[in-house]
Amino acid sequence: MYLKIVSSSPSDVACVSFGGVSFDLIMATVYILGAGATKAVARNAPLNDDLLREALDLGRPGIADRMSEVRKFILDFYPATGNNIPALEDVLSQLDLALNEGRPLSSTYTVDKIRELRDGLVYGIAEVLRTSLERDHPSDHEVWPRLKEFLSHLRPEDTIVSLNYDIVVDNALLGLGRAPVNYGVSIRSGIERDGGGQWRWEPYPLYGESFPLYKPHGSLNWLYCRACQKLDVTAGLKSTHYIFSDPALICAACNSRYEALIVAPTMFKSYSNLVLAEIWRAVEDRLASAAEVVFIGYSLPDADVHLRCILMRALFRNRNRASSHDAPVVRVLGYDDRPPQQYYSGPQNPTHARYQRLFGKVDFDPTGFAAYLQRDYMTFSQHVQRQS
């Protein structure tokens, strides 16, 4: 088989000759977005290291008492706490371990109390993301049109996997007229909130021919009914906030309280939810047939064991497909303070090293996502090759 890529843009096409017959083969790309991708287009978005501190500082009525209880637990449980609060993953993992074992930590911290603390902390995380993303940063107006232009170039064969809860990409798609958003999973209802605070349920429309936006860690606009085992969605609205604050927001089919469908940053992540399990299977299948995988603003932490296993299994399947083809290209849009030429002649940063340990050779771009958008969706090395 003769395989030649004639373009390196998001609309890559390969010219293939097989048995004397030539034809075009669309080269699908999977884009995997971490917190750094959101930060590049929404500068006020917090990174994971900031989430716990900002959640504990929330003082709005309705959540301040919850955060006060979480703060008291941290002060009781972590003796070194002061200005040096523990990592969010440590606190959530401690709570999850107790819940998984059904084990109280003391007469004060019963299993029910631990569950209440965990729910309060998830609420705090959602509130930090909701409020921070409602504040525009001046530079956002420069990069936002480029993000929408980038999304408009993607084809149905391409895929976005967002590991973020925020709805930045979702809203950009709505701004392009790409409604409804194709989340790649069965959705029962679309829910709207009118100016009087009343909720309306409508059947979620069919997706049409659009690429999927998979969100395997959940989303701030997803409402899950555990009784019905169904997912409802609020387009453009971060509705997780209302699960905790509006008693009127209940499942229209069974009157059960909705749950937030958010996989919090913990060492004991659970993906047993039917919706999330379906998403993970679809993500693996897309990766197994991709010609290119582009990581954007994702540091590949060692703690993300589940995702790392899914990635390696999918890429192993990809390399071992029956049809002969090249292994998928892995590109990483990271960030480093050094200019590119200086970076490439010096030591790798830790993120680059983690990717190389897992995937071998990768095209690492230290200039970030915003620069990638400005270069018409090419990494720095692709740009240099194009100019030479």
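Residues numbered from 1 in each chain as written. Predicted model: local features only at pLDDT ≥ 70, side-chain atom pairs only at ≥ 80, totals over all residues. Heavy atoms only, no water.

**Q** Please clarify how the pattern of salt bridges should be interpreted in this entry.
**A** Side chains that differ in sign of charge can pair as their charged atoms come close. Counted by the stated rule, this structure contains 24 salt bridges. With its nearest N and O atoms 2.7 Å apart, the salt bridge here joins Glu127 to Arg60. Of this pair, Glu127 sits in helix 5 (residues 111–133) while Arg60 sits in the loop between helix 2 (48–56) and helix 3 (64–77), and the two are 67 residues apart along the sequence. A relative accessible area of 2% means that Glu127 is categorised as buried. One salt bridge connects Glu284 with Arg313, and the closest N-O pair in it is separated by 2.9 Å. Of this pair, Glu284 sits in helix 9 (residues 274–288) while Arg313 is found in helix 10 (residues 305–319), placing the two residues 29 residues apart along the sequence. With a relative accessible area of 46%, Arg313 lands in the partly exposed category. If you follow the salt bridges from partner to partner, you end up with Glu284, Asp285, Arg313 and Arg317 in one network. (Salt bridge = Lys/Arg side-chain N within 4 Å of Asp/Glu carboxyl O. Helix = DSSP H or I, 4+ residues; strand = E, 2+ residues; numbered from the N terminus. Buried < 20%, exposed > 50% of the residue type's maximum accessible area, 1.4 Å probe, protein only.)

**Q** Got a minute to help me understand the nonpolar core in this structure?
**A** Generally speaking, a soluble globular protein has its nonpolar side chains buried in company with each other. Counting 68 residues, the largest nonpolar core has Leu151, Phe295 and Phe369 as the members making the most contacts within it. Element by element, the count of residues in this core is highest for helix 9, at seven residues. Among all residues touching Phe295, those that are not within four sequence positions of it are Ile32, Leu311, Val330, Arg331, Val332, Leu333, Tyr355 and Phe359. The next biggest cluster of nonpolar side chains, apart from the first, holds 30 residues, and it includes Phe73, Leu88, Leu92 and Ile262. (Core = buried A, V, L, I, M, F, W, Y, C linked by side-chain atoms within 4.5 Å. Contact = heavy atoms within 4.5 Å.)

**Q** Could you clarify how one ought to interpret the packing of helix 2 against helix 3 in this entry?
**A** Angle between the axes and distance between the axes: these two values describe a pair of packed helices. The contact between helix 2 and helix 3 brings their axes to 9 Å, and the two run at 115 degrees. Seen from helix 2, the contacting residues are Leu52, Ala55 and Leu56; seen from helix 3, they are Met67, Val70, Arg71 and Ile74. Class assignment of the residues belonging to the contact of helix 2 with helix 3 gives a composition of six nonpolar, no polar and one charged. (Axes fitted to C-alpha atoms, helices over the stretch in contact; angles between N-to-C directions. Nonpolar A, V, L, I, M, F, W, Y, C, P; charged D, E, K, R; others polar.)

**Q** Whenever I open this one, the sheet that holds strand 11 (residues 259–262) confuses me. Can you help?
**A** The strands making up a sheet associate through hydrogen bonds between their backbones, and the pairing can be parallel or antiparallel. One open sheet accounts for five strands, arranged 7-6-10-9-11; its pairing is mixed. With one partner strand each, in any of the chains shown, strand 7 (199–203) and strand 11 form the two edges of the open sheet. If you compare each strand with its neighbour and ignore which way they point, the axes differ by 40 degrees on average. (Pairing = 2+ DSSP bridges.)

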